[in-house]
Amino acid sequence: MDTIKYVQKRSLIGKPESQRRIVRALGLRRIGHVVEQKDTPQIRGMINKVSHIVEIVD
């Protein structure tokens with residue numbers, strides 16, 4: 001199965017708790033942190049919900 005890499009680009013300061021939980025569930029801990037996971041619809045949906053904080057890396 002394919003994988004997807006994504007990185008946290010913005011701070012969570014002032015963001016709602018639901019968005020903080022999504023970013024944490026994606027495995028991101030700090031700005032610049034890159035994570036690679038299986039490319040599933042669930043992961044894509046989570047990234048889509050916090051697309052203003054998380055960016056997909058090639």
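Residues numbered from 1 in each chain as written. Predicted model: local features only at pLDDT ≥ 70, side-chain atom pairs only at ≥ 80, totals over all residues. Heavy atoms only, no water.

Novice: I would appreciate a short explanation of the environment of serine 11 in the present structure.
Specialist: With respect to the secondary-structure elements, serine 11 resides in the loop between strand E1 (3–8) and helix H1 (17–25). Given the relative accessible area of 28%, serine 11 is considered partly exposed. The spatial distance from the C-alpha of serine 11 to the C-alpha of arginine 30 is 7.8 Å, given a sequence separation of 19 residues. From its side chain, serine 11 meets the backbone nitrogen of isoleucine 13 in a polar contact 3.0 Å long. (Helix = DSSP H or I, 4+ residues; strand = E, 2+ residues; numbered from the N terminus. Buried < 20%, exposed > 50% of the residue type's maximum accessible area, 1.4 Å probe, protein only. Polar contact = N/O pair within 3.5 Å; in protein donor to acceptor, adjacent residues only side chain to side chain.)

Novice: Which parts of the structure should I look at to understand H1?
Specialist: It helps to recall that an α-helix has 3.6 residues per turn; residues three or four apart then point in one direction. Looking only at H1, the buried set comprises Gln19, Ile22 and Val23. Projected down its long axis, H1 shows its buried positions confined to an angular sector of 95°, all on one face. As for H1, its buried residues are in contact with E1, helix H2 (41–49) and strand E3 (54–57). The positive-phi residue at the C-terminal boundary of H1 is glycine 27, with phi of around 90°. (Arc of directions from axis to C-beta. Contact = heavy atoms within 4.5 Å.)

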